[in-house]
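# Working through the structure, step by step
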Amino acid sequence: MMQIFNLIGSLFGFILWGAFFIVKNFGVSIIIFTIIVKLILVPFSIKQQRSMAANARFQKKQKEIMQRYGKDRAGAQIEIQKLMQKENVSMSAGCLPMIAPMFVMLGVYYSVINPLTNTLHIAAGKVEAALNSLSALPGLGTSFGGNNYGQIYVLKYFNVLQDFFKEGNNNPLFSSSEATQINEFASGFNFLGWDLLATPNASSFASMMWLIPVLCFVTSVVSMIIMQKLNGTEMKGCMFVFIFLMPLFTAWIAFNVPGAVGFYWIASTVLGFVQSLILNIYYNASIIEARDEGRRVVLRRQQEASVAYIDVPDYVAPSQVGKKEKPDPEAYKKKSKQKKKRR
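Right, let's walk through the structure included here. A quick note: this is a predicted structure, and the numbers were derived from the prediction, not measured. (Residues numbered from 1 in each chain as written. Predicted model: local features only at pLDDT ≥ 70, side-chain atom pairs only at ≥ 80, totals over all residues. Heavy atoms only, no water.)

### Regarding the nonpolar core
If you look at the biggest cluster of nonpolar residues, it comprises 54 residues, and the most contacted ones within it are Phe-26, Tyr-149 and Leu-196. With 7 residues, the single largest contributor to this core is helix 13 (residues 259-282). Membership of the second largest hydrophobic core comes to 6 residues, among which are Phe-58, Ile-65, Leu-83 and Met-84. (Core = buried A, V, L, I, M, F, W, Y, C linked by side-chain atoms within 4.5 Å. Buried < 20%, exposed > 50% of the residue type's maximum accessible area, 1.4 Å probe, protein only. Helix = DSSP H or I, 4+ residues; strand = E, 2+ residues; numbered from the N terminus.)

Okay, structure coming up:
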């Protein structure tokens, strides 16, 4: 599974490196990179927004059924099941559109945490040899041994240890051009006063690196709560997990990993929120309900137009067939009175 995500990360890495080549700053390139990825994931985002709007409409009708049936829970459940079939709503429909883009997002994540192999596209064998060599150095070994963010640490310390890797040594790991490329890449990780190669838990309070995990949590919770209110959906099931537990877990990870990873999550959350606000204008519950009602009206008219008109004569009882209609004296009197009033 990790190989699949690394493959996706390698493909997205070309976009990340292209953005960095233009702006020469990793923070800005992550923002550009995230915008492009969000545009690629627009079909998934539209499906998710439509699902949330449909779920909000279903919950509104579900409340009406519960109020109508009162204590008759069995009858209410039967009606709710009928409503689910009619509205084509599934209990997992709100979760599935969220899960699908996560596989792509994990690939994007691997392009960020493995910048040497997936962004600079340096041979994996060279990178692995560099990590093994650095893990044996006193004082630095704990940063590389068995660490998923070892490549970021290589960038962090590359300026100090680059002579150890260059050609001319007995066992060179990187060519001169690769060393220059890595050095150039490592010099662009300062963004808004943050060193994106540093780790918040190992940084001083004055460095403000602690803001990265805090913003990871706040942006995630606030954006999801606002979107839940806009869509009129309740926090149930997987929604509750995504709104509170997942952002907390993400913030804890962001506190213990290099700032570049946490900053990517912040950028992804904020830009995703903006995208959701835009999609909500065109795919909110009211608009979707109006469109569905309009489609039903059009379909009914098409069905009525396709039915041939049949002129059916007035019904006459078999006993009255062939007989002349007898005059009704009362009806004659009424007509006479009406004529007199008109005069």
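### Topic: the packing of aromatic side chains
Evaluation of the coordinates by the stated rule reveals 11 aromatic pairs. Geometrically, the ring pair formed by Trp-17 and Phe-185 is edge-to-face, given 5.8 Å between the ring centres and 70° between the ring planes. Here the residue Trp-17 occupies a position in helix 1 (residues 2-23), and Phe-185 occupies one in helix 10 (residues 176-186), the gap between them amounting to 168 residues. Geometrically, the ring pair formed by Phe-205 and Trp-210 is stacked, given 5.0 Å between the ring centres and 10° between the ring planes. For Trp-210, a relative accessible area of 28% corresponds to the partly exposed category. (Phe/Tyr/Trp six-rings, centres within 6.5 Å; stacked < 30°, edge-to-face > 60°.)

### Observations regarding a nonpolar patch on the surface
Nonpolar side chains collect at one region of the surface, where Phe-21, Ile-22, Val-23, Ile-32, Ile-36 and Ile-40 lie side by side and expose about 530 Å² of accessible area between them. Where the nonpolar patch is concerned, the elements lending two or more residues are helix 1 and helix 2 (26-40). Turning to its location among the elements, Phe-21 is positioned in helix 1. (Patch = residues over 30% accessible without salt bridge, like charges linked within 9 Å, V, L, I, M, F, W, Y side chains within 5 Å. Areas by Shrake-Rupley, 256 points an atom, 1.4 Å probe, with all protein chains shown as cover. Salt bridge = Lys/Arg side-chain N within 4 Å of Asp/Glu carboxyl O.)

### Describing helix 7 (residues 124-135)
The terminal C-alpha atoms of helix 7 lie 16 Å apart, and with 12 residues this matches the ideal 16 Å at 1.5 Å per residue to within 8%. Regarding helix 7, the residues found buried are Val-127, Ala-130, Leu-131 and Leu-134. Relative to the axis of helix 7, the buried residues are bounded by an arc of 100° and lie together on one face. Exposed positions of helix 7 whose direction lies more than 90 degrees from the buried face are Gly-125 and Glu-128. (Expected span 1.5 Å × (residues − 1). Arc of directions from axis to C-beta.)

### Overview of unusual backbone geometry
Although it is not a glycine, Lys-24 adopts a positive phi angle of roughly 60°. Looking at the secondary structure, you find Lys-24 in the loop between helix 1 and helix 2. Positive phi, close to 55°, is recorded for His-121, a residue that is not glycine. Structurally, the position occupied by His-121 is in the loop between helix 6 (115-119) and helix 7. You can call His-121 partly exposed: its relative accessible area is 28%.

### Digging into the environment of Phe-191
Within the element layout of this structure, Phe-191 appears in strand 1 (residues 190-191). Expressed as a C-alpha distance, the spacing of Phe-191 and Ala-260, which sit 69 residues apart in the sequence, is 9.8 Å. Discounting chain neighbours no more than four positions away, the residues touching Phe-191 are Asn-25, Gly-27, Val-28, Ile-31, Leu-196 and Phe-263. (Contact = heavy atoms within 4.5 Å.)

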